[in-house]
Amino acid sequence: MYYTKDTILYLNGKFIKAVDAHTDLYSQTLHYGFGVFEGIRAYQSMNGVKIFKAFEHYERLRRSCALVNIPFPYETEELIQITYQLLRKNNLTDAYIRPLVYCGPNMQLTTPKDIFLMISAWEWGKYHGDKLLKLCVSSYQRPNPNSLQLEAKVTGHYVNSILATSEAKVRGFDEALMLDMHGHVAEAPGANFFMEKNGVLYTPSTGHILPGITRQTVMNICRELDIPVIEKTITLEELEGADSAFLCGTAAEITGIESIDAKPFRKLWFESLGATVQEAYKCQVLEKSFSYVII
Ligand code: PMP
């Protein structure tokens, strides 16, 4: 359930009830997947309700629009304030926030003029991150970056993610790991990938992935904790030799990977670098001091 009869959302300058909101069935976004969105989290932190990396997410929304030529006439600070208001109006503390920029009626393949901004939010449980994932290498590759603006969070790109996730679940796995068009490790359908080898974390370079805000947060945490991180092309052979691995994303937070294609990693999760990063990330979103995890 994403909303009830009382839920309020923000639509083009107004707060209205979700049940009273309508979209045009001739929307270009509905027909062709041409829209952009964000996925943001709010946490009940030590200092009250905090939207984690709100600025970064709304700036990415703006950049996504710019990359695909969707007009975006909003100020980031204004959107952050609107989102805090939205959380208050819905009495939400631990929440998932979904801004969506969608286009008006246009059955042509031309750049839209009419755009709409919807911001919705729903309750999302507190930080867990305990469960380890069983991944499989997907038969679906990430799209060719010369075909799409892969760094933009465009609605239509998620057909690729849905196909990969569905395939993984049908095959009995929790999640997919997608390769890029060259057969190198890229990312999960909705999260970025890190692996540990000999005390170093490796993550695929940008180009074939969505450069996640959590991925950047992980790299910042590693700098603070003196954990070396290398962005590089990762082959399947290198993946086989890894000691541990994890996914990261706004929704996934830091989630350890138990196995890939039923091959477990040699390190136990709680002894891995990922577990240290996970603890630090949790402290950061909850605005707790994480000095005790410094190694
Ligand atoms: N890759 C993809 C394809 C995603 O959809 C997401 C979720 N937005 C991520 C990575 C992680 O990005 P972030 O950390 O900004 O949530």
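Everything numeric here is computed off the predicted structure, so don't read it as measured data. (Residues numbered from 1 in each chain as written. Predicted model: local features only at pLDDT ≥ 70, side-chain atom pairs only at ≥ 80, totals over all residues. Heavy atoms only, no water.)

**Q** Help me out: how do you make sense of helix α2 (residues 54-67) in this one?
**A** Taking 1.5 Å per residue, 14 residues should reach 20 Å; α2 reaches 20 Å between its end C-alpha atoms and fits that length. Among all positions in α2, only Ala54, His57, Tyr58, Arg60, Leu61, Ser64 and Cys65 are buried. Taken around the axis of α2, the buried residues stretch over an arc of 155°, which confines them to a single face. Note on α2: the residue one or two positions beyond its end, Asn69, has a positive phi of about 60°. (Helix = DSSP H or I, 4+ residues; strand = E, 2+ residues; numbered from the N terminus. Expected span 1.5 Å × (residues − 1). Buried < 20%, exposed > 50% of the residue type's maximum accessible area, 1.4 Å probe, protein only. Arc of directions from axis to C-beta.)

**Q** Sorry if this is basic, but what is going on with the site of the ligand here?
**A** Taken together, 14 residues lie around the ligand, and Tyr158, Glu187, Ile213, Thr214 and Thr250 are the ones closest in. Between a nitrogen atom of the ligand and a side-chain N or O atom of Glu187, the distance comes to 2.6 Å. Here an oxygen atom of the ligand sits 2.5 Å away from a polar atom, N or O, in the side chain of Thr214. In the complex, the protein chains occlude 95% of the 390 Å² of accessible area that the ligand would expose alone. The pocket occupied by the ligand, as judged from atoms lying within 2 Å of grid points, is the largest pocket. Here the residues of the shell around the ligand sort into 5 nonpolar, 6 polar and 3 charged. (Near = heavy atom within 4 Å. Polar contact = N/O pair within 3.5 Å; in protein donor to acceptor, adjacent residues only side chain to side chain. Areas by Shrake-Rupley, 256 points an atom, 1.4 Å probe, with all protein chains shown as cover. 1 Å grid on protein atoms, 1.4 Å probe; cavity = no way out; pocket = protein on both sides within 12 Å on 5 of 7 lines; lining within 4 Å. Sits in = over half its atoms within 2 Å of the grid points. Nonpolar A, V, L, I, M, F, W, Y, C, P; charged D, E, K, R; others polar.)

**Q** Hey, could you run me through the pattern of salt bridges in this one?
**A** Pairing is possible between side chains that carry opposite charge, provided their charged atoms lie close to one another. Per the stated rule, a full pass over the model turns up 14 salt bridges. Glu187 serves as the salt-bridge partner of Arg142, at 2.9 Å between the closest nitrogen and oxygen. In this pair, Arg142 is assigned in the loop between β8 (133-137) and α4 (158-170) and Glu187 in strand β10 (residues 185-187), connecting sequence segments 45 residues apart. Assessed through its relative accessible area of 8%, Arg142 is described here as buried. The residue Lys232 makes a salt bridge to Glu238 at a minimum N-O spacing of 2.6 Å. By relative accessible area, Lys232 is classed as partly exposed at 24%. Taking the relative accessible area as the measure of exposure, Glu238 reaches 32% and is therefore partly exposed. (Salt bridge = Lys/Arg side-chain N within 4 Å of Asp/Glu carboxyl O.)

**Q** Before we go on, may I ask you to explain the environment of Phe52 in this structure?
**A** Looking at the secondary structure, you find Phe52 in the loop between β5 (48-51) and α2. Take Phe52: its relative accessible area is 13%, and that puts it in the buried class. Between the C-alpha atoms of Phe52 and Thr250, which are 198 residues apart in sequence, the distance is 8.9 Å.

**Q** I would appreciate a short explanation of the nonpolar core in the present structure.
**A** For soluble globular proteins, nonpolar side chains are generally found buried alongside one another. Ranked by internal contacts, the top residues of the largest apolar core, which has 30 residues, are Ile97, Val101 and Ile119. Sequence-distant contacts of Ile97, that is, excluding residues within four places in its chain, are made with Glu38, Gly39, Ile40, Arg41, Ala42, Ile51, Tyr58, Thr83, Leu87, Ile119, Ser120 and Ala121. Core analysis: the next-biggest nonpolar cluster, separate from the first, contains 21 residues, Val218, Met219, Ile221 and Tyr281 among them. (Core = buried A, V, L, I, M, F, W, Y, C linked by side-chain atoms within 4.5 Å. Contact = heavy atoms within 4.5 Å.)

**Q** What's the story with the domain arrangement of the chain in this structure? I'm lost.
**A** Interfaces are often sized by the accessible area lost when the parts come together. You can read the domains of the chain as domain 1 (8-122) and domain 2 (133-285). Each of domain 1 and domain 2 has a C-alpha centre, and these two points are 26 Å apart. Taken together, the contact pairs 23 residues of domain 1 with 19 residues of domain 2. Of the roughly 1,800 Å² buried between domain 1 and domain 2 on both sides combined, carbon and sulfur atoms contribute 61%. Taken together, the links from domain 1 to domain 2 amount to 2 salt bridges. A salt bridge links Glu151 to Arg63, with the nearest nitrogen and oxygen atoms 3.3 Å apart. In this assembly, domain 1 and domain 2 are joined by 10 residue pairs in polar contact (both at pLDDT 80 or more). (Domains from an automatic or database assignment. Buried area = accessible area lost by both parts, 1.4 Å probe.)

**Q** Please clarify how the layout of surface pockets should be interpreted in this entry.
**A** Rolled over the atoms, a probe sized like a water molecule indicates the empty space that remains. Approximately 1,100 Å³ is the volume attributed to the largest pocket. In terms of lining residues, the largest pocket is bounded by 45 residues, among which Tyr96, Gly190, Ala191, Ala251 and Ala252 are the most central. Of all the secondary structure elements, the ones that give two or more residues to the lining of the largest pocket are α2, β6 (95-103), α4, α5 (213-225), β14 (244-249) and β15 (253-260). When residues in the lining of the largest pocket are grouped by element, the largest group, 4 residues, is from α4. Each residue belonging to the lining of the largest pocket can be placed in one class, and the counts come to 20 nonpolar, 14 polar and 11 charged. Looking at which domains feed residues into the lining of the largest pocket, each of domain 1 (8-122) and domain 2 (133-285) gives three or more. (Points joined across faces, edges and corners; volume = space filled by probe spheres on them.)

**Q** Just to check I follow, could you spell out empty space enclosed by the protein for this structure?
**A** Counted by the stated rule, this structure contains 1 cavity of 30 Å³ or more. Volume-wise, the largest cavity comes out at about 50 Å³. As for the largest cavity, its lining consists of Arg41, Tyr43, Phe52, Lys53, His57, Ile213, Thr214, Thr250 and Tyr281. Grouping the amino acids of the lining of the largest cavity by side-chain chemistry returns 4 nonpolar, 3 polar and 2 charged. Here the lining of the largest cavity gathers at least three residues from each of two domains, domain 1 (8-122) and domain 2 (133-285).

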